[in-house]
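# Per-entry structural report
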Amino acid sequence: MARKKLALIGGGQIGGVLAQIIASKQLGDVVMFDVVEDLPQGKTLDIAEASRISGFDAKVTGTNDYKDIAGSDIVIITAGIPRKPGMSRDDLLITNANIMKSVAEGVKKYAPNSIVIIISNPLDAMVTLFQKVSGFPTNKVMGQAGMLDSSRFSSFIAWELGVSVKDVNAMVLGGHGDTMVPLVRYANVNGVPVMEMLERKYKDKTKAEKVMKAMVDRTKQAGGEVVKLLKTGSAFFSPAASAVAMAQSILDDEKRVIATCCYLNGEYGVKNYYLGVPAILGEKGVEKVIELSLDKDEQAALDNSIKAVKNLTKEMANLGF
Ligand code: TXD
């Protein structure tokens, strides 16, 4: 049986870690595309030369030519620029929308049957644009954000409670921005509500609520916290690991339930927009959106996030995309 093939569009910080994790997990052969001459070739050569040590036979190659992504089962897109000092959000939106448009055309032409995971920011707008330009079925175009935001939230909970993060289940819904919605009520440690564990730890309901609020706020700001420390770019290990988990669920038809930026067709009261919600990821891509029952406050927070995503999408349409 032929090995699966994964194309990475963008060979920057996240692209490099993606290639390395995919190869070491032997998920499939990797082709890294970038517009910068020699960059993807150099990066992948370096990774491939570690194959003896890491113990993988998967091929890892770089290219500046879209035709080399032909036959890819999965395409993961990180192409774009991160925001620099002095740039407005519009500047980032226009630049990355132009890049995403060219990427969508390239992927449509050379990997028309692939399933696509987008990481580039502003995420919800970039996923919307890729689907529009490529015309791919909506179940085959999705964005990575919720997996990472949920992993950050889970890590903070595990550190606070002193338990293994493997036993923490916590999910973040909504757009990838300040309006994201960490779901406190559903957060649990192997079925035990996190709030209950916090109340037991502090023997004080108000204190427990304060601690949870701090974790929720940190989750919302977590991307910015890393940017502030790194000073020259944004998080790249955790976004790459998150997208690989999504790709693996699709390639191995694991049917994991993952918070994914996916196309909504009436679910959560939203029609024809991309939004971060839990979904089953399997061989068909997004196979089913899971609808959670939300209380009044949770629904209000999600509505606020939906509004932000709609505004961003409209802003992009007004700019001619
Ligand atoms: O969770 C998430 N979704 C995110 C998203 C978390 C962190 C960062 N997130 C966003 O991912 C970030 O704001 C950026 O928009 C992307 C990629 O982040 P990365 O840190 O990998 O950025 P780099 O290192 O600048 O890499 C981008 C690469 C770089 O090598 C460019 O040469 C390339 O993109 N690039 C292109 N590749 C292909 N085609 C075109 N047109 C192109 N233009 C630039």
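Just so you know, these numbers come straight off a predicted model, no measurement behind them.

### Some words on the overall build of the protein
- Looking only at helices and strands, one finds ten helices and 14 strands in the protein.
- Expressed along its principal axes, the backbone C-alpha trace of the protein runs to roughly 60 × 50 × 40 Å.
- Taking all 321 residues of the protein together, the buried fraction comes to 49%.
- Taking all contacts inside the protein whose residues are at least 6 apart in sequence as the whole, residues at least 24 apart take part in 66%.

### Details of the environment of Leu93
- Checked against the element boundaries, Leu93 lands in helix H4 (residues 89-110).
- Through-space distance from the C-alpha of Leu93 to that of Leu319 is 9.1 Å; in sequence the pair is 226 residues apart.
- If we ignore the near neighbours within four places in the chain, the residues touching Leu93 are Pro122, Ala125, Met126, Leu312, Glu315, Met316 and Leu319.

### Observations concerning the packing of helix H6 (residues 146-161) against helix H9 (residues 237-251)
- H9 packs onto H6 with a crossing angle of 115° between their chain directions and a minimal axis gap of 8 Å. Pair H6 / H9 crosses with right-handed handedness. Mapping the contact onto sequence places Met147, Leu148 and Arg152 in H6 and Ser238, Pro239, Ser242 and Ala245 in H9.
- Across the contact of H6 with H9, the residue classes tally to four nonpolar, two polar and one charged.

### Description of the site of the ligand
- The ligand sits among 28 residues. The nearest are Gln13, Ile14, Asp34, Ile119 and Gln144.
- One of the backbone N or O atoms of Gly80 is found 3.4 Å from an oxygen atom in the ligand.
- Contact with the protein chains removes 87% of the 860 Å² of surface that the ligand exposes when unbound.
- For the shell around the ligand, the secondary structure elements donating two or more residues are helix H1 (13-24) and H4.
- Split into classes, the residues belonging to the shell around the ligand amount to 14 nonpolar, 13 polar and one charged.
- Shared between two domains, the shell around the ligand holds at least three residues of each, these being domain 1 (5-144) and domain 2 (145-321).

### Some points on the sheet that holds strand S7 (residues 168-169)
- Taken in spatial order, the three strands of this open sheet run S7-S10-S11, and their pairing is antiparallel. Unpaired on one side and paired on the other, S7 and strand S11 (192-193) mark the two borders of the sheet.
- Inspection of the sheet shows S7 paired to strand S10 (residues 188-189) by two bridges, in the antiparallel sense. Bridged to Val168 within S10 is Val189.

### What about the confidence of the model for the protein?
- Across the protein, the average pLDDT comes to 95, with 98% of residues at 70 or higher.
- Per-element confidence in the protein is highest for strand S5 (residues 115-118), whose mean pLDDT is 99, and lowest for H4, whose mean pLDDT is 92.

### Things to note about the nonpolar core
- Counting 51 residues, the largest nonpolar core has Leu18, Ile22, Ile74, Ile76 and Ile117 as its most contacted members.
- Counting residues in hydrophobic clusters, the runner-up holds 32 residues, among them Ile69, Ala125, Val127 and Phe136.

Cut-off values and rules
- Residues numbered from 1 in each chain as written.
- Predicted model: local features only at pLDDT ≥ 70, side-chain atom pairs only at ≥ 80, totals over all residues.
- Heavy atoms only, no water.
- Helix = DSSP H or I, 4+ residues; strand = E, 2+ residues; numbered from the N terminus.
- Buried < 20%, exposed > 50% of the residue type's maximum accessible area, 1.4 Å probe, protein only.
- Contact = heavy atoms within 4.5 Å.
- Axes fitted to C-alpha atoms, helices over the stretch in contact; angles between N-to-C directions.
- Left-handed = near helix turned anticlockwise from the far one by under 90°.
- Nonpolar A, V, L, I, M, F, W, Y, C, P; charged D, E, K, R; others polar.
- Near = heavy atom within 4 Å.
- Polar contact = N/O pair within 3.5 Å; in protein donor to acceptor, adjacent residues only side chain to side chain.
- Areas by Shrake-Rupley, 256 points an atom, 1.4 Å probe, with all protein chains shown as cover.
- Domains from an automatic or database assignment.
- Pairing = 2+ DSSP bridges.
- pLDDT = per-residue confidence, 0-100.
- Core = buried A, V, L, I, M, F, W, Y, C linked by side-chain atoms within 4.5 Å.

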